[in-house]
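# Commentary on secondary and tertiary structure
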Amino acid sequence: MTTKKASFPEHFLWGGAIAANQAEGAYQEDGKGLSIADLMPGGLMKGIQENSSEFNLYHEAIDFYHRYKEDIALMAEMGFKAFRTSIAWSRIFPNGDERTPNEQGLQFYDQLFDELIKNGIEPVVTISHYETPWHLVKHYDGWKNRKLIEFYTRYCETIFKRYKDKVKIWMGFNEMNNAHTITTAAAGIVIREDENRLQAIYQASHNMFVASAVATKLCHEIIPDAKMGAMLSLSGVYPNTCHPDDVFEAYELRRRSLFYSDVLLRGQYPNYINRIWEDHHVHVQMEEGDLELIKKYTADYLGFSYYRTTTHKAGTPFIGHTGGVLGTPNPYLESTPWGWQIDAKGFRYVCNELYDRYQKPLFIVENGMGTNDEVVNGEINDDYRIDYVRKHIEEMKEAVRDGVDLMGYTYWGPIDIVSAGTGELKKRYGFIYVDRDNDGNGTLQRMKKKSFHWYKTVIETNGEIL
Ligand code: BGP
C-alpha cells in the first residue's frame, strides 16, 4: 500500500474551456445561421427575444473567431495540454435541417483545431453547447421533435468524418440536465403556457438520449480511438438542515440531475423515474429500438461542471440548483458577487459521489470563478481567483487520493468571455483579461492577469506547486 501523497496522473489534461457562442462572435459571418444564443441578449436565463433591439454581447463576444491564433498562443504559454470549445452547430448547418454542410464553417474549425495541435494542445469538443440553430427551435419545437435526432446525427457524422484525425475527445450536449432550469438553452424548447412542462422536458430528454447513443455509435465507428462523453452541470446540492424532509428532498433534487448520467452511463432508465413520470402525468413517446440503442451505446466518460454548492429547503420550488439558479443561502460559505457559494470541499465530495456511482473516468470540464476584475496601474491582481482555483485543485488532489479516476481539468473561462446566465462580460473568469464591457465598449485587447502566471506554474508542475 503506497503512503506517498498521490499527485495527478502523468498525462492529466490541464487546460481551459470556452463555448463558441460565448467567445467567437462573428454570429452571421461565413454563412453561419442564427443560434438561440444570438437571440438571447441578457443571457440564457431570460429566454428567446426574437425581435429584440437590445444589444446582444454574444454577437461579437470577444471576437475569438478572428483572434483565436493570438488566444491559443496565450493558452500555449500557460502550457495547456487540452482546450475545450464547442462547434457552433449553425456554422455547419445554418438552419440545422439542411442536407449539405456549410464549407466555410467546416474550414474555420479545421483551422482552429490545426492551431491547437500545432501548439501541442489537444482539442476537446462539445458538439452542442447552448447553440441549437434557431430554425430548429422555431420550426420544429427543438428537442421535443424527434426529427432533431436525424438532424443531429447528420451534424455529428459530418464533423466526425471531417475532424477524425484532429479530435479524439468529444462530448455530446453541454449540461443536458439543465433542460430543467434553462430549457431553451439546454434542450432547444420553449415551453408554452398551457403545456405540461415536465412532459416537454422529459420528451426532449429522451430524444437527446437517443441522439447521444447514435452519436456514440457513429463516433466509435468513424474514429475508433476517440472517446465520447456525457456532460452535466453537477455543482453540489446540500439539504438546508438535517431535518429528514430537507435531507430527502435534497436527495431527490440531486437525483433529478443524476438521472441524466444514470441513463447516459448505465444505459437504462432507472426505476425511480417511473414514479416521477406517474406523479407528473408524463408519457414519453419512445420508438422501437430506442432502449436498445441507449443500452448499447453508453458514454465513455462523465464530463461535468462544478462551480459551487447550493442548499435545498423542503417545500421550496424544485426548479433550482443548476443553470445558475440559486438555492437557500449556506451560512458556512462565502459567495461571489453573483451569489454563487464557494465550496472547495464540495468539489471533493462531488468527485467521490460521481466516481462511486459510475466507476467511469471523470473529466472536470468546467470549474471557475466569475467575478469583477479591476485594472489598477495596468495590472489585475486577481489573488481571489488564484485562491479559488488553488483550493479547488487541492480538493481535486484529495479526490485522486480517494481513488477517483480523473482525466483532466479544463478551467472555465481561461479568457474573459460572455457569461451564459446573464450575458455579461463584467462577470469575468479569465486568466486573460479582455478589454470589453457589458455595453460592448473597449479595444478587445488581451492582458495577462496575475493568475495567468500562477496557472502556468500549476501546469508546469502537474499540480504540485499551488
Ligand atoms: C455553465 C455553462 C457555461 C458557463 C458556466 C458559467 O452552466 O456550461 O457555458 O457559462 O455555466 O456560467 P455563467 O457564464 O453564467 O457565469
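One structure accompanies this document, and this report is about it. (Residues numbered from 1 in each chain as written. Predicted model: local features only at pLDDT ≥ 70, side-chain atom pairs only at ≥ 80, totals over all residues. Heavy atoms only, no water.)

## Quick look at the pairing of strand 10 (residues 406-412)
The criterion, for reference: Accessibility here uses a 1.4 Å probe with only protein chains present; expressed as a share of the type maximum, an area under 20% marks a residue as buried, one over 50% as exposed, and anything in between as partly exposed. Labels follow the DSSP assignment, with helices taken as runs of H or I lasting at least four residues and strands as runs of E lasting at least two, numbered in each case from the N terminus. Pairs of strands are assigned from DSSP output, requiring at least two bridges between the strands. Assignment of crossover handedness uses the view with strands pointing away from the viewer, where a clockwise path from the first strand over the helix to the second indicates a right-handed crossover.
Among the seven residues in strand 10, seven count as buried, and that is most of the element. In this structure, strand 1 (residues 13-17) lies alongside strand 10, joined through five bridges in parallel fashion. The residue bridging G16 from the neighbouring strand is Y411, located in strand 10. Sheet topology places strand 9 (residues 362-366) next to strand 10; two bridges connect them, and they run parallel. When the sheet's bridge partners are listed, L362 is paired in strand 10 with L406. As for the winding sense of the linkage, the β-α-β connection from strand 9 through helix 13 (residues 383-401) to strand 10 is right-handed.

## Quick word on the packing of aromatic side chains
Using the following cut-off: By convention, a stacked pair of Phe, Tyr or Trp rings (six-membered ring in the case of Trp) has centres within 6.5 Å and planes under 30 degrees apart, an edge-to-face pair has planes over 60 apart, and any other such pair is tilted. Distance and angle both matter: a charge sits over a ring if NZ of Lys or CZ of Arg is within 6 Å of the ring centre and within 35 degrees of the ring normal.
Tallying each qualifying case throughout the model produces 38 aromatic pairs. The interplanar angle of 5° and the centroid separation of 5.0 Å between the aromatic rings of W89 and Y155 together place this pair among those described as stacked. With W89 in helix 3 (residues 89-92) and Y155 in helix 6 (residues 147-163), the pair connects residues that are 66 residues apart, well separated along the chain. Each member of the pair, W89 as well as Y155, carries the same accessibility label: buried. Judged by centre distance (6.2 Å) and plane angle (80°), the rings of Y238 and Y349 are edge-to-face. Highlighted residues: Y238 in strand 6 (residues 236-239) and Y349 in helix 12 (residues 344-358), separated in sequence by 111 residues. Taking the relative accessible area as the measure of exposure, Y238 reaches 21% and is therefore partly exposed. An aromatic cluster of at least three residues, connected via ring pairs, comprises F64, Y65, Y68, F83, F108, Y109, F113 and Y163. The side chain of R91 reaches across the aromatic face of F108, ending 5.8 Å from its centre. The ring of W340 carries the charged tip of R308 above its face, separated from the ring centre by 4.6 Å.

## Quick word on the site of the ligand
Definition in use: It suffices for a single heavy atom of a residue to lie within 4 Å of a molecule or strand for the residue to be listed as near it. Pairs of N or O atoms are called polar contacts if they sit within 3.5 Å, as long as, within protein, a hydrogen donor faces a hydrogen acceptor (for residues adjacent in sequence, only side-chain-to-side-chain pairs). Method for areas: the Shrake-Rupley scheme with a 1.4 Å probe, in which residue coverage is limited to the protein chains shown.
In the region of the ligand, 14 residues are neighbours, and Q22, E175, A420, G421 and Y429 sit closest. One of the side-chain N or O atoms of N174 is found 2.9 Å from an oxygen atom in the ligand. K427 has a polar side-chain atom sitting 2.7 Å from an oxygen atom of the ligand. The fraction of the free accessible surface of the ligand (380 Å²) that becomes covered by protein chains is 95%.

Such coordinate-based values are descriptive only and should not be taken to indicate function.
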